[in-house]
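# Per-entry structural report
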Amino acid sequence: MDTISCRAMLCTFSSHLWPVDSYDVTVEEDLGEIQLIKIEKRKYWYQDDWYLKYITVKTPVGDYLEFPCYRWITDEKEIVLRDGRAKLPRDDKTQILKQHRRKELESRQKMYRWKEWHPGFPLSIDAHSHSELPRDIQFDNEKGIDFILNYTKAMENLYVNRFMHMFQSSWSDFADFERIFVRISNTISEYVMQHWKEDFMFGYQFLNGCNPVLIRRCTEIPKKLPVTMDMVECSLERNLTLEEEVKQGNIFIVDYELLDGVDANKTDPCTIQYLAAPICLLYKNLEKKIVPIAIQLGQKPGPDNPIFLPSDATYDWLLAKIWVRSSDFHMHQTVTHLLRTHLVSEVFSIAMFRQLPAVHPLFKLLVPHMRFTIAINTKAREQLICECGLFDKANATGGGGHVQMVQKAMKDLTYSSLCFPEEIKAKGMDSKEDIPYYYYRDDGIKVWEAIKSFAEDVIHIYYGSDEVVCEDVELQAFVKDIYVYGMRGVKASGFPKTIRTRETLAEYLTVIIFTTSAQHAAVNFGQYDWCSWIPNAPPTMRRPPPTEKGTVTIEQIVESLPDRGRSCWHLGAVWALSQFQDKELFLGMYPDEHFVEKPVKEAMAKFRKNLDEIVSTITERNKNKKLPYYYLSPDRIPNSVAV
């Protein structure tokens, strides 16, 4: 008689404990190779969901087999598991394994359905609320992602609730904003408060602030920005003409054209809100620092759309910069953050669950980077960016403007723009010698290369040749799903319909992992640092952009800035959005052992070593810096988009 011992790692839904139960199963004949294990659960009168991490089987000859699960067993269900060795479709020879693979995908495709939330958007999950999602991708505690609860709690923690009864009243002056500003010693936010008026601080944020993705080298002054040499001569330091400075690569531009024609928030009839679509020209001075030299607040030149300059009256120039900062906030929130990390990552997640079975090596590789992404996006659609949601309370792009922005921004959502080194080069921002203080670029390249090296190592373990890549029907279905449903089948997006080489696959996987981890971290977790000082990132403006020079007063600026109530909602939002999840898992941390093979575990160890070296480099660089840059330090990059 042979004895097979099974050990299952289970945890209850209610207690969150992880007791280990051991079961002995006795059989009278040799079972041979164990291909599948079936777990059945019977339903009782009370909720008794179980989370099964894995099952370990000890065979009569003393071998151990791991059967990973990492799924919830709910109601009266059964789960059939394969052992932990990753297999491509071509590796399955028996009919029972092929059938198991096919049934798993058929079941998942019924649960993970595509749905259009708004015309022109990437498709999202077909669920109206978080509670409708498959149990396996829900948050353990729904209260933890309740935006209303979190924002209210944040405002209590920041002691700003006392201003809410004066919701629509203006602040008195800039010093009045300090009354709601929470000072945490040695933070970037306090430094911003002290230096936000300075041209250096304004320019620096285009490189290393919350939205370091819009600045590009200017190769030609656009006709819609009729800047002359006479206007900017006093700002240039090299005794060159403006055209010569452009040729030498010293002029940069940020254009908010996408905001042109977007409707401002009209949800509150008592407060008229305004948007602008500025163009900002910047200059690399002799210290190689980026500073603004010209700002036009609209896209069409004319007498009522003046070009503001550093040589103008103090308040003229300051208000022009405030308008740019407000426009930058809208681009950051809706395009850089929502579309290009959250919505894109959800596309990757849905396609993965629909087309890659749990036994597939790419599922095992990608699943840690999809953790809670569909859940956080569903909750956002439920409470935050829905009609009459929290987004409407403080933002000038609320009430539908953010929807228009995403629809317009889809034309620029290309595959190459998600390839970090390629996008940096396309913007002319790749030279460390020319632009030495672009830490977002420097750290991003390091993390990109570490991820790509890891992806290549895993690919070469399972794909012996390019031919094997071509033959992987599940991989090809995954790629096709992303192209057809995520990018809406738009050829101009540049997203591949198929992948035919290991090299292309490595880049594709790097795009996915980098976007869901590093890119999101870079543009999310600095929100409190850079946006908590309201004048530096106004979420709305209550007076229209100035149409002439020499008329701006301090009173006009304060009246343009958000009122007390909207300031409080904004502060609560940027605080809540900047916090890590409880028990956050950072890049390189894979506590769920989906992979059991030694070569992959060695690849993971190498990946962690590379990441540790990047952390050390960044830590050393940041020593004694008044403005440290740490958003792309791997120990601060969560594995997935989960907040």
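Residues numbered from 1 in each chain as written. Predicted model: local features only at pLDDT ≥ 70, side-chain atom pairs only at ≥ 80, totals over all residues. Heavy atoms only, no water.

### So, the overall build of the chain
The criterion, for reference: In DSSP terms, a helix is any run of H or I states spanning at least four residues, a strand is any run of E spanning at least two, and both are numbered starting from the N terminus. Our radius of gyration is a C-alpha quantity, and the globule rule it is checked against amounts to 2.2 Å times the number of residues to the power 0.38. Whether a residue is buried, partly exposed or exposed follows from its accessible area with a 1.4 Å probe, protein chains only, as a fraction of its type maximum: under 20%, in between, or over 50%, in that order. Note on contacts: a residue pair is in contact if any heavy atoms of the two residues lie within 4.5 Å.
Secondary structure assignment for the chain yields 22 helices and 13 strands. For 643 residues, the compact-globule estimate of 2.2 N^0.38 gives 26 Å, and the C-alpha radius of gyration of the chain, at 27 Å, lies within 12% of that figure. Across the 643 residues in the chain, those meeting the buried criterion constitute 58%. Restricting to contacts in the chain with at least 6 residues of sequence separation, those with at least 24 account for 74%.

### Section: the side chain of Thr74
Here Thr74 shows up in the loop between strand S5 (64-73) and strand S6 (78-82). Contacts of Thr74, omitting those with residues within four sequence positions, involve Lys41, Asp49 and Arg135.

### So, the sheet that holds strand S9 (residues 216-217)
Put simply, the rule is: Two strands pair under a simple rule: DSSP has to find at least two bridges between them. Axis definition: a line fitted to C-alpha atoms, limited for helices to the stretch in contact. Angles are taken between N-to-C directions and run from 0 to 180 degrees.
An order of S9-S10-S11-S12-S13 is seen for the five strands of this open sheet, with the pairing classed as antiparallel. If you trace the sheet from one side to the other, it starts and ends with S9 and strand S13 (307-308), each paired once. Relative to strand S10 (residues 251-255), S9 runs antiparallel, the two being bridged by two bridges. If you follow Arg217 over to S10, its bridge partner there is Phe252. Set on the sheet, helix H8 (residues 314-355) makes contact with strand S11 (279-284), strand S12 (290-296) and S13; between it and S12 the angle comes to about 95 degrees.

### Section: the UniProt feature "binding site: Ca(2+)" (unreviewed entry) in the chain
Which entries qualify depends on this criterion: UniProt positions are given in the numbering used here, feature names are shortened, and annotations may be inferred rather than shown by experiment.
The positions that UniProt labels "binding site: Ca(2+)" (unreviewed entry) are, in the present scheme, Asp48 and Asp49. Secondary-structure assignment places Asp48 in the loop between strand S3 (36-40) and strand S4 (50-58). Setting aside residues up to four positions removed in sequence, Asp48 forms contacts with Lys41 and Arg42. Checked against the element boundaries, Asp49 lands in the loop between S3 and S4. A residue is classified by how much of its surface remains accessible, and Asp49, at 10% relative accessible area, is buried.

### Some points on the pattern of salt bridges
Note the threshold: Salt bridges are defined by distance alone: a side-chain nitrogen of Lys or Arg within 4 Å of a carboxyl oxygen of Asp or Glu.
Counted according to the given criterion, the structure contains 32 salt bridges. Between Glu104 and Arg108 there is a salt bridge, with the nearest N and O atoms lying 2.7 Å from each other. With Glu104 and Arg108 both in helix H1 (residues 95-111) and four residues apart, this pair spans about one turn of that helix. Take Glu104: its relative accessible area is 13%, and that puts it in the buried class. With relative accessibility at 8%, the residue Arg108 sits in the buried group. Asp199 serves as the salt-bridge partner of Lys321, at 2.7 Å between the closest nitrogen and oxygen. On the criterion of sequence distance, the pair formed by Lys321 in helix H8 and Asp199 in helix H5 (residues 199-208) is long-range, its members being 122 residues apart. Lys321 gets classed as buried once you look at its relative accessible area, which sits at 5%. Assessed through its relative accessible area of 23%, Asp199 is described here as partly exposed.

### Focus on H1
Heads up, the rule is: One less than the number of residues in a helix, times 1.5 Å, gives the span that helix is expected to have. To obtain the arc, one takes the directions from the helix axis to the C-beta atoms.
Its 17 residues place the ends of H1 25 Å apart at the C-alpha level, agreeing with the 24 Å of an ideal helix rising 1.5 Å per residue. All of the buried residues along H1 are Leu97, His100, Arg101, Glu104, Leu105 and Arg108. For H1, the arc enclosing every buried residue in end-on projection is 125 degrees, short of the 170-degree limit, so these residues lie on one face. More than 90 degrees from the buried face of H1, the exposed residues found are Gln95 and Lys110. At its buried positions, H1 is contacted by S3, S6, H8, helix H9 (361-366) and helix H17 (473-486).

### A few points about the packing of helix H15 (residues 439-462) against helix H18 (residues 502-524)
The following threshold applies: Note that the term roughly parallel is reserved for angles under 35 degrees, roughly antiparallel for angles over 145, roughly perpendicular for angles of 65 to 115, and oblique for everything else. Here a crossing is taken to be left-handed if its near helix is turned anticlockwise relative to the far helix by less than a right angle, and right-handed if that turn runs clockwise. Charged residues are taken to be Asp, Glu, Lys and Arg, nonpolar residues to be Ala, Val, Leu, Ile, Met, Phe, Trp, Tyr, Cys and Pro, and polar residues to be all remaining types, Gly included.
Two elements in contact, H15 and H18, have axes separated by 8 Å at closest approach and are oriented at 135 degrees. With respect to H18, the axis of H15 lies oblique. By crossing handedness, the relation of H15 to H18 is classed as right-handed. The residue inventory of the contact of H15 with H18, partitioned by class, reads 14 nonpolar, five polar and four charged.

### Side note on the packing of aromatic side chains
Selection criterion: Note on ring pairs: Phe, Tyr and Trp rings are taken, using the six-membered ring of Trp, and paired if centres are within 6.5 Å. Classes follow the plane angle, with under 30 degrees stacked, over 60 edge-to-face and the rest tilted.
This model, assessed by the stated rule, comprises 25 aromatic pairs. Ring plane angle 80 degrees and centroid distance 5.6 Å describe the contact between Trp117 and Phe121, whose orientation is recorded as edge-to-face. Judged by relative accessible area, which is 24%, Trp117 ranks as partly exposed. Measuring from ring centre to ring centre gives 6.1 Å for Phe353 and Phe363, while their planes differ by 70 degrees; the resulting arrangement is edge-to-face.

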